[in-house]
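What the coordinates show
Okay, here's what each chain looks like letter by letter:
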Amino acid sequence: MRFMMLMIPRGYETAAPGAMPPAEAVAAMMKYNEALKEAGVLITLDGLHPPSMGARVSFAGGKPVVTDGPFAESKEVLGGYWMIDVKSREEAIAWAKHCPASNNEIIEIRQVQEMSDFPADVQEAAAGFTELQTRSGH
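Residues numbered from 1 in each chain as written. Predicted model: local features only at pLDDT ≥ 70, side-chain atom pairs only at ≥ 80, totals over all residues. Heavy atoms only, no water.

**Some thoughts on the overall build of the protein chain**
Within the protein chain, the regular secondary structure consists of four helices and six strands. If you list the helices and strands of the protein chain from N to C, you get β-α-β-β-β-β-α-β-α-α. With the principal axes as the frame, the protein chain shows a C-alpha extent of 45 × 45 × 25 Å. Put simply, the protein chain has 138 residues, and 25% of those count as buried. Looking at the protein chain alone, contacts between residues at least 24 apart form 77% of all its contacts between residues at least 6 apart. Of the accessible surface of the protein chain, which amounts to about 9,500 Å², a share of 57% is contributed by carbon and sulfur atoms. (Helix = DSSP H or I, 4+ residues; strand = E, 2+ residues; numbered from the N terminus. Buried < 20%, exposed > 50% of the residue type's maximum accessible area, 1.4 Å probe, protein only. Contact = heavy atoms within 4.5 Å. Areas by Shrake-Rupley, 256 points an atom, 1.4 Å probe, with all protein chains shown as cover.)

**Examining helix α1 (residues 23-38)**
Compared with an ideal rise of 1.5 Å per residue, which puts 16 residues at 22 Å, α1 spans 22 Å between its outermost C-alpha atoms and is within 8% of the ideal. Listed as buried for α1 are Met29, Tyr32, Asn33 and Leu36. Each buried residue of α1 lies within a common arc of 100° when the element is viewed along its axis, so the set occupies one face. For α1, the exposed residues lying more than 90 degrees away from the buried face are Ala23, Glu24, Lys31, Lys37 and Glu38. Structurally, α1 contributes buried residues whose contacts are with β1 (2-9), β2 (42-47), β5 (80-85) and α2 (89-97). (Expected span 1.5 Å × (residues − 1). Arc of directions from axis to C-beta.)

**What to know about the pairing of strand β4 (residues 65-68)**
Pairing of strand β3 (residues 55-58) with β4, which is carried by four bridges, proceeds in the antiparallel orientation. Among the inter-strand pairings, serine 58 is bridged to a residue of β4, identified as valine 65. Between the end of β3 and the start of β4, which pair antiparallel, lie six residues, with glycine 61 showing a positive phi angle near 70°. (Pairing = 2+ DSSP bridges.)

**Here's the deal with the pattern of salt bridges**
Pairing between side chains becomes possible if they bear opposite charge and their charged atoms approach one another. Counted by the stated rule, this structure contains three salt bridges. Where glutamate 108 meets arginine 110, a salt bridge forms, and the shortest distance between an N and an O atom there is 3.1 Å. (Salt bridge = Lys/Arg side-chain N within 4 Å of Asp/Glu carboxyl O.)

**So, unusual backbone geometry**
Geometrically, the link from glycine 69 to proline 70 is a cis peptide bond, its omega value of 0° lying close to zero. Here proline 70 shows up in the loop between β4 and β5.

**Concerning the sheet that holds β2**
One open sheet holds the four strands; their spatial order is β2-β5-β1-β6, and the pairing between them is antiparallel. The open sheet has two free edges, formed respectively by β2 and β6 (105-111), since each of these has just one partner strand. Averaged over all pairs of adjacent strands, the angle between strand axes in this sheet comes to 15°, irrespective of strand direction. Pairing between β2 and β5: five bridges, direction antiparallel. (Axes fitted to C-alpha atoms, helices over the stretch in contact; angles between N-to-C directions.)

**Thoughts on a nonpolar patch on the surface**
Residues Val57, Phe59 and Val66 make up a contiguous nonpolar surface patch of about 310 Å² in total accessible area. Tracing the chain through its elements places valine 57 in strand β3. (Patch = residues over 30% accessible without salt bridge, like charges linked within 9 Å, V, L, I, M, F, W, Y side chains within 5 Å.)

**Topic: the confidence of the model for the protein chain**
Mean pLDDT over the protein chain: 92, with 97% of residues reaching 70 or higher. Element-level pLDDT for the protein chain is lowest in helix α4 (residues 129-135), with a mean of 78, against a maximum mean of 98 in α2. (pLDDT = per-residue confidence, 0-100.)

This is how it looks when you write it as C-alpha cells:
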C-alpha cells in the first residue's frame, strides 16, 4: 500500500521567498529519511519552497486565473512530502510518529488510490494511466 505523508509546518504560509530550515533540523530529518530508505519503504521525498514563491491556478467560470503566492486565505500549506510503500495504514502512522518534527509541524497521512480501488467504468475511463506513471518514473 502506498501512502503519502504530507508535512504541514505551521507558519510556512507566511514564510519569505527563499526561507530555509536550520541545518540542525535538516540533519535530524536526513537521519529519518535514511531510516525510511534502509527499511525499504521509501519511494520518493521532496521539500517544497514556501507558498510566497508559488502560484495557484483556479478555474472560476471555466477560465484559468493565476494568483501568485503568498495566499492570504491559506491556513495550512505543504512544506514537503514522502511517498512510502508499507503494509498498512498503521505502519504508515508508525513511521510518521518517528519523524523528528518540531512543535509547529503536522504530518497528514493519505493512502494513494490504486486503479483496483475504482469501479470498472472509472478504470476504463482511465485507460493508459498506468503507462503514464511508468513513463514518468513512478
